[in-house]
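Examination of the molecular architecture
The primary structure of each chain is shown beneath.
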Amino acid sequence: MLEEDELKPYIGGILKQLLARYSIDSLMVFNFEGGKKNNQTARIFSGYNMSAMGYPRNYEGCPLLTLEMIHHFLRSSESWLSLSQDNYLLIHSEYGGWPVLAFALAALLVYLRRCKDERKALEMIHKYAPPGLVELYSPLDPAPSHLRYLKYVSRRHKSPELWPPADRTLNLNCAIIRTVPNFDGEGGCRPIFRIYGPDPLAPHDSSAKVLFSTPKTDDFVQLYTQEDSEIIKINIRCPVRGDVVMECVSVDEDFKHEVMVFRVMFSTAFVEDNLLLLDRDQIDILWDTKHRFPVDFRVEVIFSEIDATTSIYTSEPSGESESNHITDAASEQNGLNNVHDGFDVISMQETEISNGTPEHNIPDSRSVQT
């Protein structure tokens with residue numbers, strides 16, 4: 001982490017070494033940035049007549065890019081490298097951006113068929129960084145979601161003309177947890193779910209919002225124990241589209257303190273048979289909590305198609321929320337349409353100064369209690 005007065009000579013020194021060996025016209029620059037409107041790193045590059053394409057460091061707290069941004073990064077990289085053998089990519093991440101930078105490079109290896117195995121591609125990139133760097137910047141292990149999206153990239157090889165597939169709008173009906181994790185120290189938990197993603201009612205707005213949040217009341221939150229419960233079913237009934245983040249947290253009996261149980265990022269374009277099955281190795285969890293999940297732990301996320309019999313409407317909120325609800329007519333639990341504090345989608349334009357949304361704290365835009 002460099003202070004502003006240290007960053008310019010540091011990056012400038014690297015650029016001078018590179019430009020002593022390579023032509024400025026041979027370098028394409030990407031920057032995984034923190035979201036400041038007047039990005040200092042982009043200004044430094046522009047001082048050398050180099051424009052940087054900016055990408056966010058996270059999507060709703062996940063160190064990942066949306067499918068649209070992944071496609072933009074991969075196509076831009078492939079196009080540039082294919083123009084000349086003397087062309088290079090210069091990729092920089094600002095503080096906290098290493099996890100998403102590592103994912104992007106692994107995706108490029110898979111996309112260019114330099115590595116057929118998604119896990120090996122990710123491990124190959126991680127070897128170039130000091131051990132523990134991902135843990136330093138991400139309170140949750142992002143590898144499961146990273147691997148899910150790398151598999152999305154791999155599917156391009158089967159049908160390049162159909163990749164990426166168009167977003168689908170689906171009803172996320174419910175989540176079923178089989179075997180209760182231990183998050184209260186006594187073999188139980190009080191789960192609540194939150195869903196983040198673009199608003200299906202605004203197809204031209206790709207920024208993510210809170211689509212659903214379990215109300216913190218006794219009517220909706222209860223204690224489940226391994227002794228008394230084999231499954232937990234959470235009714236959600238929330239329309240979703242595109243890149244979606246699903247969080248499950250456990251609260252204490254006063255609903256004041258939360259601890260992260262798991263987080264998952266997925267794309268509705270790749271949901272098959274209206275079902276998403278996840279075992280404990282396919283969810284993002286806190287680094288030291290795998291022992292809290294039984295070996296046979298599993299999450300089943302059940303969807304349904306949006307059809308003429310399903311209505312999506314907005315209604316006046318209740319309780320403390322000041323936002324609109326997004327739900328279907330049969331919903332028992334109303335979602336919240338708050339603008340979430342994650343990183344909004346940035347413009348896909350190459351500019352001298354990359355613009356974003358307000359900067360958020362690292363390592364995560366939401367606090368996680370361990």
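Residue indices begin from 1 for each chain and proceed along its sequence in written order. Whole-chain, interface and lining totals are the exception, using all residues; otherwise, since this is a predicted model, local features are given only for residues with pLDDT of at least 70 and side-chain atom pairs are given and counted only at 80 or more. Hydrogens and water molecules were not included; the side-chain quantities draw on all heavy atoms of the structure.

In the annotation of an unreviewed UniProt entry, the protein chain is listed under the name C2 tensin-type domain-containing protein and assigned to Aegilops tauschii subsp. strangulata.

The helix and strand labels rest on DSSP assignments: H or I over at least four residues marks a helix, E over at least two residues marks a strand, and numbering proceeds from the N terminus. A tally of helices and strands in the protein chain yields 7 helices and 15 strands. Every one of the 370 residues in the protein chain was classed for burial, and the buried ones make up 51%. Summarising the internal contacts of the protein chain: among those between residues at least 6 apart in sequence, 73% fall at separations of at least 24. Buried, partly exposed and exposed residues are distinguished by accessible area as a fraction of the type maximum, computed with a 1.4 Å probe on protein chains only: under 20%, between the cut-offs, and over 50%, respectively. Contact criterion: two residues are considered in contact whenever any of their non-hydrogen atoms come within 4.5 Å of each other.

The terminal C-alpha atoms of helix 1 (residues 4-21), which comprises 18 residues, lie 27 Å apart, in line with the 26 Å expected from a rise of 1.5 Å per residue. Of all the residues in helix 1, the buried ones are L7, I11, G12 and L15. An end-on view of helix 1 places all buried positions within 115° of arc, on one side of the element. Summarising the geometry of helix 1, the exposed residues directed more than 90 degrees from the buried face are D5, P9, K16, Q17, A20 and R21. Structurally, helix 1 contributes buried residues whose contacts are with helix 2 (40-46) and strand 3 (88-93). Each residue after the first adds 1.5 Å to the expected span of a helix. The directions considered for the arc are those from the helix axis to the C-beta atoms.

Mapped onto the elements, R43 comes out in helix 2. Spatially, the C-alpha atoms of R43 and K8 are 9.3 Å apart, while their sequence positions differ by 35 residues.

Further remarks concern the pairing of strand 12 (residues 275-279). Burial along strand 12 is one-sided: the face carrying L276 and L278 is buried and the face carrying L275, L277 and D279 is not. Pairing between two strands is assigned when DSSP locates at least 2 bridges connecting them. Relative to strand 13 (residues 298-305), strand 12 runs antiparallel, the two sharing 5 bridges. Bridge pairing links L278 to V299 in strand 13.

Pairs can form between side chains of opposite charge once their charged atoms are near each other. What makes a salt bridge here is a side-chain nitrogen of Lys or Arg within 4 Å of a carboxyl oxygen of Asp or Glu, nothing more. Under the definition given, this model contains 9 salt bridges. We note a salt bridge from R168 to E305, for which the minimum N-O separation is 2.6 Å. Residue R168 is located in the loop between helix 7 (143-154) and strand 4 (169-178), and its partner E305 is located in strand 13; the two are separated by 137 residues in the primary sequence. When its relative accessible area of 40% is taken as the criterion, E305 is described as partly exposed. A single salt-bridge network, built from bridges that share partners, covers R178, R298 and E300.

A word on the packing of helix 3 (residues 67-83) against helix 7. Note on definitions: angles span 0 to 180 degrees between N-to-C directions of axes, and those axes are lines fitted to C-alpha atoms, for helices only across the stretch in contact. Relative to each other, helix 3 and helix 7 sit at 55°, their axes nearing to 12 Å. Taken together, the axis directions place helix 3 and helix 7 in an arrangement best described as oblique. Two packed elements cross with a definite hand, and for helix 3 against helix 7 that hand is right-handed. Contacts between helix 3 and helix 7 pair L67, I70 and L74 from the former with Y149, Y152 and V153 from the latter. Of the residues contributing to the contact of helix 3 with helix 7, the split by class is 6 nonpolar, no polar and no charged. Relative orientations are named as follows: roughly parallel for angles under 35 degrees, roughly antiparallel for angles over 145 degrees, roughly perpendicular for angles from 65 to 115 degrees, and oblique for any other angle. Helix crossings get a hand from a simple test, with the near helix turned counterclockwise from the far one by less than a right angle marking a left-handed crossing and a clockwise turn marking a right-handed one. Nonpolar residues are Ala, Val, Leu, Ile, Met, Phe, Trp, Tyr, Cys and Pro. Charged residues are Asp, Glu, Lys and Arg, and all others, Gly as well, are polar.

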